[in-house]
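Chain by chain, the residues:
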Amino acid sequence: MSRPLHRGSSGAAGERISGSSNDFWDSQMKDKTDKEDLERRASSDNNSIAFRFPIRVLFPDNSPSKHGNTGNGFASDPLIASTPRSRHKLALLLLKLSLVLIVILALTGSFWWTISISTTSRGHIYHGYRRLQQQLVSDLWHIGELSLGSSRLRDLEFCPQEFENHVPCFNVSENLALGLSDGNEYDRHCEYGMRQNCLVLPPVKYKIPLRWPTGRDVIWVANVKITAQEVLSSGSLTKRMMMLEEEQISFRSASLMFDGVEDYSHQIAEMIGLRNESNFIQAGVRTILDIGCGYGSFGAHLFSSQILTMCIANYEASGSQVQLTLERGLPAMIGSFTSKQLPYPSLSFDMLHCARCGIDWDQRDGILLIEVDRVLKPGGYFVWTSPITNAETFRRNKVNQKRWNLVHDFAENLCWEMLSQQDETVVWKKTSKRNCYSSRKPGSGPSICSKGHDVESPYYRPLQACIGGTQSRRWIPIEERTTWPSRANPNKSELAIYGLHQEELSEDAETWKMAVRNYWSLLSPLIFSDHPKRPGDEDPSPPYNMLRNVLDMNAHFGGFNSALLEAGKSVWVMNVIPSNGPNYLPLILDRGFVGVLHDWCEPFPTYPRTYDLVHAAGLLSLEVDHQRRCTILDLFTEIDRLLRPEGWVIIHDKAALVESARALTTGLKWDARVVEIESNSDEKLLICQKPFFKKQAN
């Protein structure tokens, strides 16, 4: 579908314009003593000024004067220099009269033209004018940003060593200095201007991750910030993890049952009433939010059962659960229940899981459990594993018994049903009936949020003490939803909930199926040669770097995610919905994918070197159409932070925006090429690969 980039130059055109201008002025110099010829030349000169002035406003001419300079630095005009004072006044008078005549004719013509068109025509012309005006403003912004970006890129250098694992918006020491405590010091505090204007280098001994699925079980210890002591002292589910040859961390076990995870997940399935964890899908469980996930062992085990588990955990400077989980090629992001709502819609996940996750659910009057209820789908499950839930333990410990009673009673007031309690694990089921809340005794639990407070997709809003999601049209019990993988293709009645038609989703799906085929043929170093491979030829061998973690910066309906899965690609996609665009995140999560709401003028809540492929379709256009607090350069430096060495970037947008973005990639040191789209001359692709810059050891 694409062709090689055609190179060209505008120099010849510039020479033609300059040549015609010189001929014009040369003709003006002839027969200067002839009065009539002089007046004709003066009139011609006035017209020339009138036509050339708008061009000079946009593109001022800073070149030397064509007529030379006088001693005082001002250009000398051959006409004025040889004209007496009276003739100069006459020329000015003629100029004034000409301008008056032009204005009168223009007003008269405009008046008759205005009264001759219909009201409908006037509306079309007005809107057309508005579009041209908006396009002009947009183009001028790009020209200004491009010139600004070029000057800033000259100063874009590599970050200091302390930025290797730095995550903007998460600064524990600074938060402690500000007096934050009780877990708030680990929360996200993002302010404008927190971006680094530098490129983050990988650690000295960084290595490209092993291919999936080997990379799920073995990672390079130099790629993450963790000590041997932190590995050996990890939790019960990962206690058998060990260092191998001081270079790798292995998540494998000598036995068939790795660290008891298989037994543990089997136990949860039985507590729900299922035969084993492979029946989760039949019970309506496809997506799980794993709070404080350790190193992702629970989600890694369930992956073979087509269960998609999203890990969230607090920011950690070292031994991070999120960083290690992502390094294994599993979904994860930094997230905290401390004080703010998570950037997920209400009714998002089929199950929430907390195995010794470090959260005191009995604290803060149960407001943390209310947030669990908000993001849990009707009929979904909350699984909690903790010493507090062990009956034998809390009978001997009155403090633990009191804490357990608080959680148990509050869960009951949330209309949760306790299904089972075994050892240290308890499983609750959220109600599928909305009328359960109104049937409670007055004052027996948190109230239902009003329409004004029940925001479907909050963006780090303070925690709410009321029950949310009950008024949503998406209130559908998980057992009544179609099971995976049929869930990925909603039917007509299901799409109506989101205001969509079947044809829209079908057209979107076909577009992305073809796009994925073309994308995959471009992800090769051949794209940067003089004769890049054309899509449609036999696909090259897979890229030598692993493609497992994919970030879609403007996911829309989740079509890119769906097309990748249908093509059999072993990837997972973090679907991001920009906070300033149309919000289809509820649809994406209901389709059985994972995603998050995010403002791209802020850093993404994850560690450096997180993703193998970053994709952005229409994101530049979206950012341009809204009031910006950041530039394309800010966006690209953030992409560089998120991208692994030898990772890929695909930008699909309007041709003018892609060309502007291409100019910025030079300072980022990316290999980049613009690819034309034969079916759409107004849009282009920008294919980039981030080089692997190895830092020298001190």
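Bear in mind the structure is a predicted one, so any value in this text is a computation, not a measurement.

1. Considerations on the pattern of salt bridges
Item 1. Taken as a whole and assessed by the stated rule, the structure comprises 21 salt bridges.
Item 2. Here Glu-247 ties to Lys-207 by a salt bridge, and the two come within 3.5 Å at their closest N and O atoms. Linking Glu-247 in the loop between strand S5 (242-244) and strand S6 (248-250) with Lys-207 in the loop between strand S3 (198-199) and helix H7 (214-217), this pair joins segments that are 40 residues apart in sequence.
Item 3. A relative accessible area of 32% places Lys-207 in the partly exposed class.
Item 4. Here Arg-403 makes a salt bridge to Asp-360, at a shortest N to O gap of 2.9 Å. Of this pair, Arg-403 sits in helix H14 (residues 398-413) while Asp-360 sits in the loop between strand S10 (349-355) and helix H12 (367-375), and the two are 43 residues apart along the sequence.
Item 5. Bridged by salt links that share partners, the residues Lys-377, Glu-456, Arg-474, Arg-481 and Asp-590 form one connected network.

2. Observations regarding the packing of helix H21 (residues 632-642) against helix H22 (residues 655-668)
Angle between the axes and distance between the axes are the two parameters that describe a pair of packed helices.
Item 1. Between H21 and H22, the shortest axis-to-axis distance is 10 Å and the interhelical angle comes to 50°. With respect to each other, H21 and H22 are oriented oblique. Handedness of the crossing formed by H21 with H22: right-handed. Note on element contacts: H22 touches H21 through Ala-661, Leu-664, Thr-665 and Leu-668, opposite Ile-632, Leu-633, Phe-636, Thr-637 and Asp-640.

3. Looking at the sheet that holds strand S8 (residues 308-313)
Item 1. One open sheet holds the seven strands; their spatial order is S9-S8-S7-S10-S11-S13-S12, and the pairing between them is mixed. Looking at which strands have only one partner, the edges of the open sheet turn out to be strand S9 (332-334) and strand S12 (416-422). Here the strands of the sheet are splayed against their neighbours by 20° on average, with no regard to which way each runs.
Item 2. Alignment of strand S11 (residues 376-385) against strand S13 (residues 425-430), held across five bridges, turns out to be antiparallel. Residue Thr-385 lies in a different strand from S13, and its bridge partner there is Thr-425.
Item 3. Where H12 meets the sheet, it contacts S10, S11, S12 and S13, and its direction lies at approximately 135° from that of S11.

4. Focus: the nonpolar core
Item 1. Among the nonpolar cores identified, the biggest contains 120 residues, and Phe-280, Trp-361, Phe-382, Trp-384, Leu-551, Met-574 and Phe-636 are the most heavily contacted of them.
Item 2. Other than its neighbours up to four places away in sequence, Trp-384 contacts Cys-354, Trp-361, Thr-389, Trp-404, Val-407, Glu-424, Thr-425, Val-426 and Trp-428.
Item 3. Core analysis: the second largest hydrophobic core is formed by 23 residues, Ala-515, Val-573, Leu-685 and Ile-687 among them.

5. Description of the confidence of the model for the chain
Item 1. In this model, the chain carries an average pLDDT of 79, and 73% of its residues clear a pLDDT of 70 or more.
Item 2. Across residues 1-83 the pLDDT falls below 50, and counting only partners more than four positions away or on other chains, this stretch makes 62 contacts in the model.

6. Re a nonpolar patch on the surface
Item 1. On the surface, Leu-90, Leu-93, Leu-94 and Leu-97 cluster together to form a nonpolar patch covering roughly 330 Å² of accessible area.
Item 2. Among the secondary structure elements, Leu-94 is positioned in helix H4 (residues 85-116).
Item 3. By relative accessible area, Leu-94 is classed as partly exposed at 34%.

7. Here's the deal with the side chain of Thr-425
Item 1. By secondary structure assignment, the location of Thr-425 is in strand S13.
Item 2. Residue class for Thr-425 comes out buried when judged on its relative accessible area of 2%.
Item 3. Excluding residues within four positions of it along the chain, Thr-425 makes contact with Tyr-264, Gln-267, Met-271, Val-383, Trp-384, Thr-385, Thr-389 and Ser-420.

8. Some remarks on the state of the cysteines
Each disulfide is one covalent bond, formed between the sulfur atoms of two cysteines.
Item 1. By the definition in use, this model includes seven disulfides.
Item 2. Between the sulfur of Cys-449 and that of Cys-466 lies a disulfide, 2.0 Å long from S to S. Because the sign of the S-S torsion sets the handedness, a value of about 95° for the bond joining Cys-449 and Cys-466 places this disulfide among the right-handed ones. Here the residue Cys-449 occupies a position in the loop between helix H15 (435-438) and helix H16 (492-496), and Cys-466 occupies one in the loop between H15 and H16, the gap between them amounting to 17 residues.

9. Some points on the environment of Asp-290
Item 1. Counting through the fold element by element, Asp-290 comes out in strand S7 (residues 287-291).
Item 2. Separated by 61 residues in the primary sequence, Asp-290 and Met-351 have C-alpha atoms spaced 8.4 Å apart.
Item 3. Residues contacting Asp-290, with those up to four places away along its chain left out, are Phe-298, Thr-309, Met-310, Cys-311, Ile-312 and His-353.

10. Looking at the layout of surface pockets
Item 1. Considering only enclosed or pocket space, the second largest pocket measures out at about 830 Å³ in volume.
Item 2. Secondary structure elements with two or more residues in the lining of the second largest pocket: helix H17 (502-522), strand S15 (572-578), helix H20 (619-624), strand S18 (643-654), strand S19 (671-677) and strand S20 (683-689).
Item 3. The element that contributes the greatest number of residues to the lining of the second largest pocket is H17, accounting for ten residues.
Item 4. Here the lining of the second largest pocket is built from residues that sort into 15 nonpolar, ten polar and eight charged.

11. Thoughts on the pairing of S7
Item 1. Of all five residues making up S7, five are buried, and the element is well covered by its neighbours.
Item 2. Covered by surrounding structure in S7 are Thr-287, Leu-289 and Ile-291 together with Ile-288 and Asp-290, the residues of both alternating faces.
Item 3. Regarding the hand of the β-α-β motif, the stretch spanning S7, helix H10 (residues 297-302) and S8 is right-handed.
Item 4. As paired elements, S7 and S10 share four bridges and run parallel to each other. Bridged to Ile-288 within S10 is Met-351.

12. A look at the pairing of S13
Item 1. Most of S13 is tucked away: six of the six residues are buried.
Item 2. Note that S12 and S13 share six bridges and pair antiparallel. Residue Trp-416 lies in a different strand from S13, and its bridge partner there is Lys-430.
Item 3. Between the end of S12 and the start of S13, which pair antiparallel, lie two residues, with Asp-423 showing a positive phi angle near 50°.

13. Side note on the packing of aromatic side chains
Item 1. In the structure shown here, the tally under the stated rule is 23 aromatic pairs.
Item 2. Look at Tyr-206 and Phe-692: their rings are 5.8 Å apart centre to centre, the planes differ by 85°, and that puts the pair in the edge-to-face class. On the criterion of sequence distance, the pair formed by Tyr-206 in the loop between S3 and H7 and Phe-692 in the segment after S20 is long-range, its members being 486 residues apart.
Item 3. Ring geometry for Tyr-459 against Tyr-460: centres 4.9 Å apart, planes inclined by 70°, an arrangement best described as edge-to-face.
Item 4. A connected cluster of aromatic rings, assembled from ring pairs, spans Phe-337, Trp-361, Phe-382, Trp-404, Trp-416 and Trp-428.
Item 5. Between Arg-286 and the ring centre of Trp-484, over which it is positioned, the NZ or CZ distance is 3.6 Å.
Item 6. Residue placement shows Arg-548 over the ring face of Trp-212; its charged tip is 3.6 Å from the ring centre.

Calculation criteria
- Residues numbered from 1 in each chain as written.
- Predicted model: local features only at pLDDT ≥ 70, side-chain atom pairs only at ≥ 80, totals over all residues.
- Heavy atoms only, no water.
- Salt bridge = Lys/Arg side-chain N within 4 Å of Asp/Glu carboxyl O.
- Helix = DSSP H or I, 4+ residues; strand = E, 2+ residues; numbered from the N terminus.
- Buried < 20%, exposed > 50% of the residue type's maximum accessible area, 1.4 Å probe, protein only.
- Axes fitted to C-alpha atoms, helices over the stretch in contact; angles between N-to-C directions.
- Parallel < 35°, antiparallel > 145°, perpendicular 65-115°, else oblique.
- Left-handed = near helix turned anticlockwise from the far one by under 90°.
- Contact = heavy atoms within 4.5 Å.
- Pairing = 2+ DSSP bridges.
- Core = buried A, V, L, I, M, F, W, Y, C linked by side-chain atoms within 4.5 Å.
- pLDDT = per-residue confidence, 0-100.
- Patch = residues over 30% accessible without salt bridge, like charges linked within 9 Å, V, L, I, M, F, W, Y side chains within 5 Å.
- Areas by Shrake-Rupley, 256 points an atom, 1.4 Å probe, with all protein chains shown as cover.
- Disulfide = S-S within 2.5 Å.
- 1 Å grid on protein atoms, 1.4 Å probe; cavity = no way out; pocket = protein on both sides within 12 Å on 5 of 7 lines; lining within 4 Å.
- Points joined across faces, edges and corners; volume = space filled by probe spheres on them.
- Nonpolar A, V, L, I, M, F, W, Y, C, P; charged D, E, K, R; others polar.
- Right-handed = clockwise from strand over helix to strand, strands pointing away.
- Phe/Tyr/Trp six-rings, centres within 6.5 Å; stacked < 30°, edge-to-face > 60°.
- Lys NZ or Arg CZ within 6 Å of the ring centre and 35° of its normal.

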